[in-house]
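# Coordinates in review
Chain by chain, the residues:
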Amino acid sequence: MKFDDALWHYGGDFPEDLDPSAGATHIAMFLAWAAFRDLLGRIHTDLSSGELEQLRSRSITPTQWFMHNCDGKFLDEDLNEEGNFFAKSYYDASEAEESASPYLRDYEQTLPNTASLYEVPDNWETFDKLTPIIDQRFVQWRAEVTSSR
């Protein structure tokens, strides 16, 4: 299953003056969060552990890591089982009751000082602003899953 693809974001309202990688920043931030929470799939933990260590040590940005290791595509193989269940609930717009996923709504509300979601900087400051929000959503999601069993 494909959750997202940077190519999907290059048309339409994508600002002409931005590098195409800016269409991947929102995806990369989510996957970087997953990397720090041990929710990545084996394709990253086993096959690209060196690059994963660069991400975790913050020697490369989330988008640099994502574009190099995922080719701009966010697939179910990028996450482990728990990560996929969470992503389906929180990231995937097809699971959302509105047109935007809960993740994208949180992303836009947490980082409101840009003209568009594509102009959010690919840096660790952005990541550090998003992380507590995603953490909170993850804790809520886990509690809901646990209580429904």
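Up top is the structure these notes are about.
Everything numeric in this text was worked out from a predicted model, so none of it was measured.

Secondary structure summary: the chain contains 7 helices and 2 strands in total. Start at the N end of the chain and walk to the C end: the helices and strands fall as β-α-α-α-α-β-α-α-α. The C-alpha radius of gyration of the chain comes to 15 Å, within 12% of the 15 Å expected for a compact globule of 149 residues. With respect to the principal axes defined by its C-alpha atoms, the chain has extents near 50 × 40 × 30 Å.

Another point: the nonpolar core. Membership of the largest hydrophobic core comes to 40 residues, with the highest contact counts inside it found for F30, L31, W33, W65, F66, F74 and Y103. Within the residue set of this core, elements represented by two or more residues are α1 (25-36), α3 (49-56), α4 (62-70), α5 (81-90), α6 (102-110) and α7 (124-147). At 9 residues, the largest contribution of residues to this core is made by α1. Discounting residues that sit within four places of it in the chain, L31 has contacts with L40, W65, F66, C70, F74, D78 and L79.

Taking 1.5 Å per residue as the helical rise, α7 with its 24 residues ought to reach 34 Å, and the 34 Å between its terminal C-alpha atoms agrees with that figure. At L130, α7 shows its largest kink, close to 30°, and the proline P132 lies no more than four residues downstream. Inspection of α7 places W124, T126, F127, L130, T131, I134, F138 and W141 among the buried residues, and these make up the whole buried set. The elements touched by buried residues of α7 are α1, α3, α4, α5 and α6. Measuring from the side-chain oxygen of the N-cap residue of α7 to the backbone nitrogen of E125 gives 3.1 Å; that N-cap residue is N123.

What follows deals with the packing of α5 against α7. Where α5 meets α7, the closest approach of the two axes is 11 Å, and the angle between their N-to-C directions is 105°. By the criterion of interaxial angle, the relationship of α5 to α7 is roughly perpendicular. Counting all contacts with α5, which are made through E82, F85, F86, S89 and Y90, the residues of α7 involved are I133, I134, R137, F138, W141 and R142. Looking at the contact of α5 with α7, its residues break down into 7 nonpolar, 1 polar and 3 charged.

Next up on the list: the side chain of T131. Its location among the elements puts T131 in helix α7. Residue classification places T131 among the buried residues on the basis of a relative accessible area of 10%. A distance of 2.8 Å separates a polar side-chain atom of T131 from the backbone oxygen of F127.

The subject of this paragraph is the packing of aromatic side chains. Under the defined criterion, the tally for this structure stands at 20 aromatic pairs. Seen in terms of ring centroids, F30 and F74 are 5.8 Å apart; in terms of plane orientation they differ by 40°. Their pairing is tilted. Here F30, found in helix α1, pairs with F74, found in strand β2 (residues 73-75); they are 44 residues apart in sequence, far enough to count as distant. Classification of F30 as buried rests on a relative accessible area of 1%. Note on W33 and F86: the rings are 5.5 Å apart at their centroids and 45° apart in plane angle, and the pair reads as tilted. Here F86 lies in helix α5 and W33 lies in helix α1, a separation of 53 residues in the sequence. Accessibility expressed as a relative area gives 1% for W33, which makes it buried. Among the residues examined, F86 registers a relative accessible area of 1% and is labelled buried.

Scoring rules and cut-offs
- Residues numbered from 1 in each chain as written.
- Predicted model: local features only at pLDDT ≥ 70, side-chain atom pairs only at ≥ 80, totals over all residues.
- Heavy atoms only, no water.
- Helix = DSSP H or I, 4+ residues; strand = E, 2+ residues; numbered from the N terminus.
- Rg over C-alpha atoms; globule rule 2.2 N^0.38 Å.
- Core = buried A, V, L, I, M, F, W, Y, C linked by side-chain atoms within 4.5 Å.
- Buried < 20%, exposed > 50% of the residue type's maximum accessible area, 1.4 Å probe, protein only.
- Contact = heavy atoms within 4.5 Å.
- Expected span 1.5 Å × (residues − 1).
- Bend = angle between axes of the 7 residues up to and from the residue.
- Polar contact = N/O pair within 3.5 Å; in protein donor to acceptor, adjacent residues only side chain to side chain.
- Axes fitted to C-alpha atoms, helices over the stretch in contact; angles between N-to-C directions.
- Parallel < 35°, antiparallel > 145°, perpendicular 65-115°, else oblique.
- Nonpolar A, V, L, I, M, F, W, Y, C, P; charged D, E, K, R; others polar.
- Phe/Tyr/Trp six-rings, centres within 6.5 Å; stacked < 30°, edge-to-face > 60°.

It is worth stressing that arrangement in space is one thing and function is another; only the former is reported here.
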